[in-house]
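In case you want the letters, here they are:
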Protein chains: 2
Amino acid sequence: MSKLRVSCFSLSLDGYGAGPDQSLGNPLGAGGEALHEWVFGTRTFRKMSGKDDGATGIDNDFAARGFADVGAWILGRNMFGPIRGEWPDESWKGWWGDNPPYHCPVFVLTHHPRASIAMQGGTTFHFVTDGIHAALRRAREAANGLDIRLGGGVATIRQYLQAGLVDEMHLAVSPVLLGSGENLFAGLDLLQLGFSCVEHVAAPKATHVVLMRQG
Amino acid sequence: MSKLRVSCFSLSLDGYGAGPDQSLGNPLGAGGEALHEWVFGTRTFRKMSGKDDGATGIDNDFAARGFADVGAWILGRNMFGPIRGEWPDESWKGWWGDNPPYHCPVFVLTHHPRASIAMQGGTTFHFVTDGIHAALRRAREAANGLDIRLGGGVATIRQYLQAGLVDEMHLAVSPVLLGSGENLFAGLDLLQLGFSCVEHVAAPKATHVVLMRQG
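As the structure is a prediction and not an experimental result, all values here were calculated from the model. (Residues numbered from 1 in each chain as written. Chains lettered and ligands numbered in written order. Predicted model: local features only at pLDDT ≥ 70, side-chain atom pairs only at ≥ 80, totals over all residues. Heavy atoms only, no water.)

Caption draft 1: Focus on the relation of the copies chain B and chain A. Laying chain B over chain A is done by rotating through 180° and shifting 0.0 Å along the axis; what remains is an RMSD of 0.0 Å. Between the two chains, the operation in question is that of a two-fold axis. In terms of C-alpha distance to the rotation axis, chain B has Ala202 of chain B as its closest residue, with the C-alpha 2.6 Å off the axis. Take the interface residues of chain B: 100% of them recur as interface residues in chain A, which is what a same-surface contact looks like. (Least-squares fit on C-alpha atoms with pLDDT ≥ 70 in both. Contact = heavy atoms within 4.5 Å.)

Caption draft 2: Expanded view of the interface of chain B and chain A. In this complex, chain B contributes 25 residues to the contact, which on the side of chain A involves 26 residues. For the chain B and chain A pair, buried surface summed over both sides reaches about 1,800 Å², with 68% attributable to carbon and sulfur atoms. Per-residue buried area on chain B facing chain A is highest for Leu13, Leu177 and His200 of chain B; these three make up 31% of the total on that side. Inspection of the region where chain B meets chain A yields zero salt bridges. In this structure, the connection of chain B to chain A is made through three residue pairs in polar contact (both at pLDDT 80 or more). Only strand 8 (195-202) and strand 9 (207-213) of chain B provide two or more residues apiece to the side of chain B that touches chain A. Residue contributions to the side of chain B that touches chain A peak at five residues, all from strand 8 of chain B. Residues that form the side of chain B that touches chain A fall into these classes: 17 nonpolar, five polar and three charged. (Buried area = accessible area lost by both parts, 1.4 Å probe. Salt bridge = Lys/Arg side-chain N within 4 Å of Asp/Glu carboxyl O. Polar contact = N/O pair within 3.5 Å; in protein donor to acceptor, adjacent residues only side chain to side chain. Helix = DSSP H or I, 4+ residues; strand = E, 2+ residues; numbered from the N terminus. Nonpolar A, V, L, I, M, F, W, Y, C, P; charged D, E, K, R; others polar.)

Caption draft 3: Representation of the packing of aromatic side chains in the model. All chains considered together, the criterion is met by 24 aromatic pairs over all chains. Ring centres of Trp92 of chain A and Trp95 of chain A lie 5.2 Å apart, and the angle between their planes is 85°; this geometry places the pair in the edge-to-face category. According to the relative accessible area criterion, Trp92 of chain A is buried, its value standing at 17%. Plain terms: the ring middles of Phe80 of chain B and Phe125 of chain B are 4.9 Å apart, the flat faces sit at 65° to each other, and that makes the pair edge-to-face. (Phe/Tyr/Trp six-rings, centres within 6.5 Å; stacked < 30°, edge-to-face > 60°. Buried < 20%, exposed > 50% of the residue type's maximum accessible area, 1.4 Å probe, protein only.)

Caption draft 4: Examining the confidence of the model for chain A more closely. Looking at chain A as a whole, the pLDDT averages 93, with 100% of positions reaching at least 70. Scored as a whole, the predicted complex attains pTM 0.89, and scored at its interfaces, ipTM 0.83. (pLDDT = per-residue confidence, 0-100.)

Caption draft 5: Spatial organisation of the pairing of strand 9 of chain B. Residues and elements named next belong to chain B. Strand 9 sits mainly inside the fold: five of its seven residues count as buried. Here six bridges tie strand 7 (residues 168-173) to strand 9, and the two strands are oriented antiparallel to one another. From the neighbouring strand, His170 faces strand 9, where its bridge partner is Val210. Where strand 8 lies against strand 9, seven bridges are found, and the strand directions are antiparallel. Note that in strand 9 the partner of Ala202 across the bridge is Thr207. Between strand 8 and the antiparallel strand that follows it, strand 9, lie four residues. (Pairing = 2+ DSSP bridges.)

Caption draft 6: A look at unusual backbone geometry. Residue and element names in this part refer to chain A. The omega torsion across Gly152 and Gly153 is -5°, close enough to zero to call that bond cis. Looking at the element boundaries, Gly153 is found in the loop between strand 6 (147-152) and helix 6 (154-162). At Asn144, a position not held by glycine, the phi torsion is positive, near 55°. Assignment of secondary structure puts Asn144 in the loop between helix 5 (132-143) and strand 6.

Caption draft 7: Up close: the sheet that holds strand 6 (residues 147-152) of chain B. All names here are of chain B. In spatial order, the strands read 4-5-3-2-6-1-7-9-8; together these nine strands make up an open sheet with mixed pairing. The open sheet has two edge strands, strand 4 (117-118) and strand 8, and neither has a second partner. In the sheet, strand 1 (residues 4-11) pairs with strand 7 via five bridges, with the strands oriented parallel. In the strand pairing of strand 7, Val6 is matched with Met169. In this fold helix 3 (residues 58-67) packs onto strand 1, strand 2 (70-76), strand 6, strand 7, strand 8 and strand 9, with an angle of close to 145° to the strand it touches most, strand 1. The sheet strands contacting helix 5 (residues 131-143) are strand 1, strand 2, strand 3 (105-109), strand 5 (124-128) and strand 6, and the helix crosses strand 2 at an angle near 160°. (Axes fitted to C-alpha atoms, helices over the stretch in contact; angles between N-to-C directions.)

Below, the structure written as structure tokens:
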């Protein structure tokens with residue numbers, strides 16, 4: 001069966017996946033940019049912005065693996081945008097411009113219904129109001145045998161972890177401290193949830209670890 | 001002034017410095033051995049048990065730095081032994097045999113007074129019953145200009161961190177999950193405490209980070 005997986009999820013040394021105070025100008029929260037330093041220079045990331053340069057190597061390998069064999073995404077609403085509560089209108093279409101980097105169906109968790117949005121390049125945003133299980137069901141159907149990538153944010157990943165639904169997590173631990181924000185691990189017992197570390201590759205800008213859940 | 005520093009402190013990916021259920025047979029708690037894999041094979045560690053072999057390289061460099069320029073140690077009582085409450089007698093002298101690896105004065109935090117113990121090789125255990133500030137004062141005096149190494153465990157380090165007294169921490173993040181136990185970071189804002197990551201060296205068995213507090 002296709003896996004529900006987290007890939008390329010950047011984490012601070014103290015376990016935070018985003019800084020505090022997310023806003024339109026600062027989608028990753030205070031200090032959050034530094035978390036992702038490892039990916040910005042990779043060939044895979046540069047290609048997303050239409051550039052034909054960028055580094056190969058460990059970081060790029062993980063970035064590329066993150067996109068391989070993905071047939072659908074699930075995002076928490078805060079990852080889709082800074083708007084909270086009711087959608088004021090249909091104008092917000094994500095952080096990523098007209099041609100988002102997903103190129104497949106993306107299921108956005110929200111309490112507020114909204115019509116699907118077809119973007120350029122094959123990305124369609126669907127808004128799911130009936131919970132994480134429903135979103136996973138729809139994503140699995142859409143993925144058609146490929147994996148479902150759980151994009152985040154932290155709160156969304158934690159919900160899926162607690163429900164025992166995440167099969168695999170690739171985390172990139174960056175050499176920064178955030179001090180506060182959303183902690184991925186707090187109060188979660190990953191061992192009890194069945195995870196163990198099956199891969200550990202250290203690079204100068206991040207340490208990559210893959211955690212796998214025993215079926 | 002001499003620094004109060006944590007060195008070679010092994011941490012799991014999920015932020016635990018020891019597993020649950022410490023006991024005489026399992027001083028590092030359940031699963032805790034795996035945390036320290038990186039150090040066992042090093043030349044520095046092997047030398048402690050009188051062996052003349054062991055690996056050099058990144059892990060060994062950090063292990064050796066941990067012992068360099070240290071004039072005194074501070075340990076929490078649980079690091080000294082598994083006994084809780086009153087000392088039943090004078091027989092327990094630590095986990096380390098007759099010649100402990102400290103070779104300098106070691107101040108053990110406890111609520112229960114006990115006479116100092118002079119061991120072979122220059123280690124003397126002193127028992128401090130009047131709190132962390134008093135222990136630091138005595139350790140600083142004894143260190144005579146050298147650094148004071150705060151050995152742990154997690155609860156002791158957290159107390160010194162919260163009091164703003166730790167100058168530097170070298171953590172070795174191991175590719176293991178512990179799931180529960182004592183979490184080093186929970187509820188602590190290291191950024192607010194003035195720390196930033198000043199060194200990041202990744203090796204196959206652990207990622208070494210040095211966190212420094214701005215004075």
